[in-house]
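So you can see what is in the structure, the chains are spelled out below.
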Amino acid sequence: MKDETEPLSRRDAMVVLASAPGDVLERLWRESGLPDEGTALRGPETGLVALRGRIGGGGAPFNFGEATVTRASVKLPTGEVGHAYSLGREREKARISATLDALRQRTEFAPDVNAKILLPLRQSSHETDEQRRAETAATRVDFFTMTRGED
Amino acid sequence: MYVAVKGGEAAISNAHRLLADRRRGDRSVPAITLDQITEQLALAVDRVMAEGSLYDPGLAALAVKQARGDMIEAIFLLRAYRTTLPRFGHSRPVDTADMLVERRISATYKDLPGGQLLGPTFDYTHRLLDPELAGDDQAEDPATRAPEDQPMPRVNEILAHEGLMEEDEVLSEGEEPTDITRTPPEFPMGRDARLQALSRGDEGFLLALGYSTQRGYARSHPFAGEIRIGEVEVEIDVPELDFPVPLGRIRVTECQMVNQFKGSKKAPPQFTRGYGLVFGQSERKAMAMALCDRALRAEELGEDITAPAQDEEFVISHSDNVQATGFVEHLKLPHYVDFQAELGLVRQMRREFEERRNAAERKEAAE
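In short, a report on the structure. All values derive from a computational prediction rather than experimental measurement.

Some points on helix α9 (residues 283–295) of chain B
All names here are of chain B.
Consideration 1: Between its first and last C-alpha, α9 extends 19 Å over 13 residues, near the 18 Å set by a 1.5 Å rise per residue.
Consideration 2: Here α9 lies mainly inside the structure; eleven of its 13 residues are buried.
Consideration 3: All of the buried residues in α9 are Glu283, Lys285, Ala286, Ala288, Met289, Ala290, Leu291, Cys292, Asp293, Arg294 and Ala295.

Put into structure tokens, the structure is as follows:
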């Protein structure tokens, strides 16, 4: 895992926001004191994304279903535009995520967006994933070969 | 002749009111919540998402509740809902080699790289009903162990360098995969369109067909090369951003079925593969899908088509349980006029039959 205080790339920030539980994001957003001044350029709106896999895992793409996705685009009074996309139907989560994507483009807000929202969310999702990995690892099969008593 | 039939409005309205009452059941029992369904009936939710062809656990749970646990009705509800939403685009193909794995097993390699991880499986349980679950069961916390940071390549990559395992076919640049939800299926289909149909196909139907291939109807000597379950990242390209936008993760089950292939005029003897990829933790379905995928490649691989599981038009046309239930259940709708017409016809045929018999009897008596 990267340094705890290093600013995240725009894409990494979107990874964190897209996978964040909506209620946790809303709480961190309320507690952050960041300005909620964006106006909606688009959405929040829910639609579908066709999901693709690859034939055989690594071959030609094929469609194997769809997922609900909610997106939003927000513009700050100072002109920065933020975008957000995430699986599911949580509109407030999309609106907040787009606002954060815009706010982190402003040098005076970027450190707070990072420290108060993105890093705690990333830390908690990292812990959840590590816990799941450790639980799965406990079900690893350790094979051993029986010695046949025929000597 | 078409005769409009009116009436029954009050009966229908009261029937729906009665349905709502029976769905709720005994009021002294607490109503089931969607969280309870997604958490505790998770595999039912997964099946509804897979065959409803829409990944959204909350909506699938609602569908299960609304349908009183009738899976095909719930799948129908989810399919109907998806038609109300606009489509934003398509994802980049998910990379199953980069999965956050929750289960991964192979029946062909004991010591495959990354190891065998059983995960939350019904396998090796004794299938004895557990009376403790009848109460408020307090499950133990799972055991943990430090994970090994090994990559987990897909099983086909192990034999690939010897050329003994067929390689993945690649589409030429710029070629778009078929989408059977946008263009009506035409036969013969490409493998991409078949896989899309199989991924949303009815688990029971595909299971029976897969089973038939094992019993000798299109024998294909399958091995479960690998089954993996876990979460994969989903990304989408959008015009407003110059990098693939992450959407979050979805849980999928992938099955690589490995089949002996004796070779053809063009291809040397090798192992071929059937592929399954299904939403959620849906192991049986992914295995059945992979068996059917392999059987349906008969023509491509120059095999004789002798069995139902190899007949593309038969399999794909009957694999969709929403279509199937629609056509079977429409038989409940009023067919009064059709039936009156057939009744008239049968009466006439019966009259003619009697006349012929009577004439024959008279002739016999006269002789």
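Structural notes on the interface of chain A and chain B
Consideration 1: Counting residues at the interface gives 53 residues for chain A and 77 residues for chain B.
Consideration 2: For the chain A and chain B pair, buried surface summed over both sides reaches about 5900 Å², with 62% attributable to carbon and sulfur atoms.
Consideration 3: Considering only the side of chain A, the residues that lose the most area to chain B are Arg52(A), Phe64(A) and Arg140(A), jointly responsible for 14% of the buried surface there.
Consideration 4: At the boundary of chain A with chain B, the tally comes to eleven salt bridges.

Some thoughts on the packing of helix α4 (residues 57–66) of chain B against helix α5 (residues 71–82) of chain B
Residue and element names in this part refer to chain B.
Consideration 1: At their nearest, the axes of α4 and α5 sit 8 Å apart, and the two run at 130° to each other. The pairing of α4 with α5 is recorded here as oblique in orientation. At the point where α4 passes α5, the crossing takes the right-handed sense. For the pair α4 and α5, contact is made by Leu59, Ala60, Ala63, Val64 and Gln66 and by Ala74, Leu77, Leu78 and Tyr81, respectively.
Consideration 2: When its residues are assigned to classes, the contact of α4 with α5 shows eight nonpolar, one polar and no charged.

Quick word on the layout of surface pockets
All names here are of chain B.
Consideration 1: The volume enclosed by the second largest pocket comes to roughly 430 Å³.
Consideration 2: Forming the boundary of the second largest pocket are 25 residues, of which Met189, Gly190, Arg191, Arg194 and Glu312 lie nearest the centre.
Consideration 3: Going through the elements one at a time, α7 (191–199) and α10 (312–318) are the ones with two or more residues in the lining of the second largest pocket.
Consideration 4: No other element matches α7, which puts three residues into the lining of the second largest pocket.
Consideration 5: Looking at the lining of the second largest pocket residue by residue, the classes come out as ten nonpolar, three polar and twelve charged.

Some thoughts on a nonpolar patch on the surface
Consideration 1: Taken together, Leu345(B), Val346(B) and Met349(B) make up a surface patch of nonpolar side chains, about 280 Å² in accessible area.
Consideration 2: Here Met349(B) lies in helix α12 (residues 336–366).

Quick notes on empty space enclosed by the protein
Consideration 1: The final tally for this structure, using the stated rule, is two cavities of 30 Å³ or more.
Consideration 2: Taken as a whole, the largest cavity holds about 80 Å³ of empty space.
Consideration 3: Taken together, Met14(A), Leu17(A), Ala18(A), Thr70(A), His83(A), Ala84(A), Tyr85(A), Ser86(A), Lys93(A), Ala94(A), Ser97(A) and Val245(B) make up the lining of the largest cavity.
Consideration 4: Of all elements in the fold, only α1 (10–19), β3 (81–87) and α3 (91–103) of chain A reach the threshold of two or more residues within the lining of the largest cavity.
Consideration 5: When grouped by side-chain class, the residues that make up the lining of the largest cavity number seven nonpolar, four polar and one charged.
Consideration 6: Computed from the structure, the second largest cavity encloses a volume of approximately 40 Å³.
Consideration 7: Contributing to the lining of the second largest cavity are Asn63(A), Phe64(A), Gly65(A), Glu66(A), Ser53(B), Arg87(B), Asp179(B), Thr181(B), Gln196(B) and Arg200(B).
Consideration 8: Sort the elements by how many residues they give to the lining of the second largest cavity and strand β2 (residues 61–75) of chain A lands first, with four residues.

The rules behind each value
- Residues numbered from 1 in each chain as written.
- Chains lettered and ligands numbered in written order.
- Predicted model: local features only at pLDDT ≥ 70, side-chain atom pairs only at ≥ 80, totals over all residues.
- Heavy atoms only, no water.
- Helix = DSSP H or I, 4+ residues; strand = E, 2+ residues; numbered from the N terminus.
- Expected span 1.5 Å × (residues − 1).
- Buried < 20%, exposed > 50% of the residue type's maximum accessible area, 1.4 Å probe, protein only.
- Contact = heavy atoms within 4.5 Å.
- Buried area = accessible area lost by both parts, 1.4 Å probe.
- Salt bridge = Lys/Arg side-chain N within 4 Å of Asp/Glu carboxyl O.
- Axes fitted to C-alpha atoms, helices over the stretch in contact; angles between N-to-C directions.
- Parallel < 35°, antiparallel > 145°, perpendicular 65-115°, else oblique.
- Left-handed = near helix turned anticlockwise from the far one by under 90°.
- Nonpolar A, V, L, I, M, F, W, Y, C, P; charged D, E, K, R; others polar.
- 1 Å grid on protein atoms, 1.4 Å probe; cavity = no way out; pocket = protein on both sides within 12 Å on 5 of 7 lines; lining within 4 Å.
- Points joined across faces, edges and corners; volume = space filled by probe spheres on them.
- Patch = residues over 30% accessible without salt bridge, like charges linked within 9 Å, V, L, I, M, F, W, Y side chains within 5 Å.
- Areas by Shrake-Rupley, 256 points an atom, 1.4 Å probe, with all protein chains shown as cover.

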